[in-house]
Amino acid sequence: MHIDIISVLPEMFSGLIDCSIVDRAQKKGLVEIELHNLRDYTTNKHRHVDDYPFGGEAGMVLQIEPIDNAISALKQKRQYDEVIYTSPDGEVFNQQIANQMSSYRNIIILCGHYKGIDYRVREHLITREISIGDYVLTGGELAAAVMTDAIVRLIPGAIGDEQSALSDSFQDDLLAPPVYTRPAEYKGWKVPEILLSGHQAKVEEWRLQQSLERTERLRPDLLDKKKD
Ligand code: ADE
């Protein structure tokens, strides 16, 4: 998979996508993540990529020209399943979307900024708008990093134990069951007896029942979604 991220602040990604599982997936050749500085695609001699909005509103707006140049340059090299724009107005990102996108070959993520971008970008160049939640960030970089992390860990081979991605919370619209490790007792706080029993079928039954109980208590909306 190839992920191209276009941003005015590519330095914001350091430490976010070059660590841990995402870094390992890149080193294993499962994914290539390329950061592109939007300023490299402007013809403006001061490398400006924004301008005042028509109609006299406050704030600056990202211009269409450098964005179109960047997307066109990338499209010369590969075909994209999706050209995504990160925006609080978008479809709210979730595990199903992460699953779907983890099967894609190539995606572009264009990070929004401050006031927004020239609306023609959204009308003509973008195929999908994604929000990571109902709150406003200063820019789309954190949203792009969140999406990249959630997608890359689902690529087969990215996580050592494949089973562990399948048992994630939300994978089945259920929260994951609790997990414990040694010691079996700490300060008198005990690990549930069943997990020490060695009886795998009973352990699985316990896990499912815990998942259902936790989902009902903490996220009943997920169960309602299952009923739909
Ligand atoms: N840009 C600003 N806020 C955002 C959000 N909640 N999701 C995605 N991109 C954003």
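About the thresholds
Residues numbered from 1 in each chain as written. Predicted model: local features only at pLDDT ≥ 70, side-chain atom pairs only at ≥ 80, totals over all residues. Heavy atoms only, no water. Buried < 20%, exposed > 50% of the residue type's maximum accessible area, 1.4 Å probe, protein only. Helix = DSSP H or I, 4+ residues; strand = E, 2+ residues; numbered from the N terminus. Pairing = 2+ DSSP bridges. Right-handed = clockwise from strand over helix to strand, strands pointing away. Axes fitted to C-alpha atoms, helices over the stretch in contact; angles between N-to-C directions.

**Q** Outline the pairing of strand β1 (residues 2–7), supporting the account with residue identities and numerical values.
**A** Extensive coverage of β1 is indicated by the burial of 6 of its 6 residues. The two faces of β1 match: His2, Asp4 and Ile6 on one face and Ile3, Ile5 and Ser7 on the other face are all buried. Bridge analysis of β1 against strand β2 (residues 32–37) gives 6 bridges, and the strand direction is parallel. Bridge pairing links isoleucine 3 to isoleucine 33 in β2. Each parallel crossover has a hand, and the one from β1 via helix α1 (residues 20–27) to β2 is right-handed.

**Q** With reference to specific residues and values, describe the sheet that holds strand β5 (residues 82–92).
**A** Within the open sheet, the 5 strands sit side by side as β2-β1-β6-β5-β7. Their pairing is parallel. The strands lining the two open edges of the sheet, one partner per strand, are β2 and β7 (128–131). For this sheet, the mean inter-axis angle between neighbouring strands, taken without regard to orientation, is 30°.

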